[in-house]
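Next come the chains, spelled out residue by residue.
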Amino acid sequence: MNTHQQTYKKIFLGLFLLVGCSSSDQDMTPPDEEVAYQTEEAFPGLSFSAPVDLTTAGDGSPRLFVVEQAGTIKVFDPMAGTPSASTFLDIRSKVTDGGERGLLGLAFHPNFSSNGYFYVNYTGRSPLVSIIARYTANLATPNQADPASELVLLTFSQPYSNHNGGGMKFGKDGYLYISTGDGGSGGDPQNNAQNRANLLGKILRLDVNGTDKGNYGIPTDNPFRGNQDGHREEIYAYGLRNPWRISFDPETDQLWTGDVGQNSREEIDIITKGGNYGWRLKEGKDCYNPASNCDQNGLVGPVYDYSQADGDKSITGGFVYRGTALPALVGKYIYGDYVSGRVWALEVNNGQAGTNRLLVSNAGRISAFGVDAQQELYFCEYGGGKIMRLKTQQVP
Ligand SMILES: [Ca+2]
Ligand SMILES: [Ca+2]
């Protein structure tokens, strides 16, 4: 294609997009089809050991916290000229790690700046359990938490070493949301995700300020609160296989997850209260068990799912981008695949998936995405232990 044809194509695309846009959409943001992306190390001097999560404290400080799978949390100031990381918490002696086990999730209390509370999700003990625990940071030494300050909120058995979920985020409602896997093995042999009598294959929601369950409470509007059917009251949504990472869109308050697939499809879900997301009846949009004619009554389908056929075999859920550095991505769900290293931007309008655009195709082992205090997006590259980000490609 010659230059004139390329120009013509761009103009044509631009016209098409203008026609397709609402009249209120009058900013000068280029259509994202014209923006090329690449990845770069965000903090070239810093390396982490098997990083699996990245977050802020939400306390007004720019600090970034990186969760290392073996049981440490590192902290650093990304605004420093030469950022250097120190150990915020070390609970390696309590954590069983390896494979999908380890220290897997971290979330800071909405009032962390006054109470010093933060919450972790890890696997430990023998036989294996998932542990949701609170730790306290001494406000006088804000870059170091006391490993002896543990208060266990909740534990639940892990029948197999894999599929331990691990995501944790506070919602704007002040409640703690936790993603759990189906317990593991393959195909959910115990049918845990559909069984509301246990906490596996679920999104849980806890009131960390409550005490009706001991060290936490059940939010008053949890969907199974007070039920007489033996359902666990902590459950917010169910029917998930391994919702490894979760995130809130700060603008819409929607809770997103990437649910890792079994043999054929990876899926993205917007989590609604009481929703049944289908596993193991369904894997993505397909029936799984039974393999055909599964009863889809009352199931919530994925907002988007993709085939494993092209080598994309393990979704890492990301974030709806609300930063400013990459204007063409604002409002899109940015996510990746751990196996293929591809990163995409999914457009969603009123719960319906639109264009799903490949941004980069070889971003390494993407274990988690995270955002800083300005909502700028990063991801953890598990193999090299680096914190990466997207940038627009320089045109030579
Ligand atoms: Ca497990
Ligand atoms: Ca599903």
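Cut-off values and rules
Residues numbered from 1 in each chain as written. Chains lettered and ligands numbered in written order. Predicted model: local features only at pLDDT ≥ 70, side-chain atom pairs only at ≥ 80, totals over all residues. Heavy atoms only, no water. Donors = N, O, S within 2.8 Å, 3.2 Å for Na, K, Ca; no water. Helix = DSSP H or I, 4+ residues; strand = E, 2+ residues; numbered from the N terminus. Buried < 20%, exposed > 50% of the residue type's maximum accessible area, 1.4 Å probe, protein only. Pairing = 2+ DSSP bridges. Axes fitted to C-alpha atoms, helices over the stretch in contact; angles between N-to-C directions. Disulfide = S-S within 2.5 Å. Contact = heavy atoms within 4.5 Å. Core = buried A, V, L, I, M, F, W, Y, C linked by side-chain atoms within 4.5 Å.

Caption draft 1: Here's a closer look at the coordination of the calcium ion (ligand 1). Those protein atoms acting as donors to the calcium ion (ligand 1) are Gln158 (OE1), Tyr160 (O), Asn162 (O), Asn164 (OD1) and Gly183 (O), and they sit at 2.2 to 2.4 Å. In the primary structure, the donors to the calcium ion (ligand 1) are separated according to the pattern Q-x1-Y-x1-N-x1-N-x18-G. Here the residue Gln158 occupies a position in the loop between β9 (151–157) and β10 (168–170), and Gly183 occupies one in the loop between β11 (176–179) and β12 (202–206), the gap between them amounting to 25 residues. Accessibility expressed as a relative area gives 6% for Gln158, which makes it buried.

Caption draft 2: View of the sheet that holds strand β16 (residues 265–271). Ordered in space as β14-β15-β16-β19, the four strands form an open sheet in which the pairing is antiparallel. Whereas interior strands pair on both sides, the edge strands pair on one side only; in this sheet they are β14 (245–248) and β19 (304–307). In this sheet, adjacent strand axes meet at a mean angle of 15° when their direction is disregarded.

Caption draft 3: A look at the state of the cysteines. In the structure shown here, the tally under the stated rule is one disulfide. Here Cys287 connects covalently by a disulfide to Cys294, the sulfurs 2.0 Å from one another. Every disulfide takes its handedness from the sign of the S-S torsion; for Cys287 and Cys294 that torsion is -75°, giving left-handed. Accessibility expressed as a relative area gives 21% for Cys287, which makes it partly exposed.

Caption draft 4: How the structure looks around the coordination of the calcium ion (ligand 2). Here the calcium ion (ligand 2) is held by Glu267 (OE), Glu267 (OE) and Tyr277 (O), and the distances to it run 2.1 to 2.7 Å. Taken as a pair, Glu267 in strand β16 and Tyr277 in the loop between β16 and β17 (282–283) lie far apart in primary sequence, 10 residues in all. A relative accessible area of 3% means that Tyr277 is categorised as buried.

Caption draft 5: Representation of unusual backbone geometry within the structure. In this structure, Arg280 follows Trp279 across a cis peptide bond, with omega equal to 5°. By the secondary structure assignment, Arg280 is in the loop between β16 and β17. Between Asn289 and Pro290 the backbone carries a cis peptide bond, its omega angle lying at 5°. Positionally, Pro290 belongs in the loop between β18 (286–287) and β19. The backbone of His163 shows a phi angle near 55°, a positive value even though the residue is not glycine.

Caption draft 6: Representation of the environment of Pro83 in the model. Topologically, Pro83 is positioned in the loop between β4 (72–76) and β5 (86–90). Assessed through its relative accessible area of 16%, Pro83 is described here as buried. Through-space distance from the C-alpha of Pro83 to that of Pro44 is 9.1 Å; in sequence the pair is 39 residues apart. Aside from chain neighbours lying at most four places away, what touches Pro83 is Phe43, Leu46, Phe76, Asp77 and Pro78.

Caption draft 7: Looking closely at the nonpolar core. Counting residues in hydrophobic clusters, the biggest one holds 38 residues, and the most contacted among them are Ile73, Phe88, Phe118, Val120 and Tyr122. Once residues within four sequence positions are removed from consideration, Tyr122 is found in contact with Ile91, Lys94, Val95, Gly102, Leu103, Leu104, Val129, Ser130, Ile131, Ala133, Tyr135 and Glu150.

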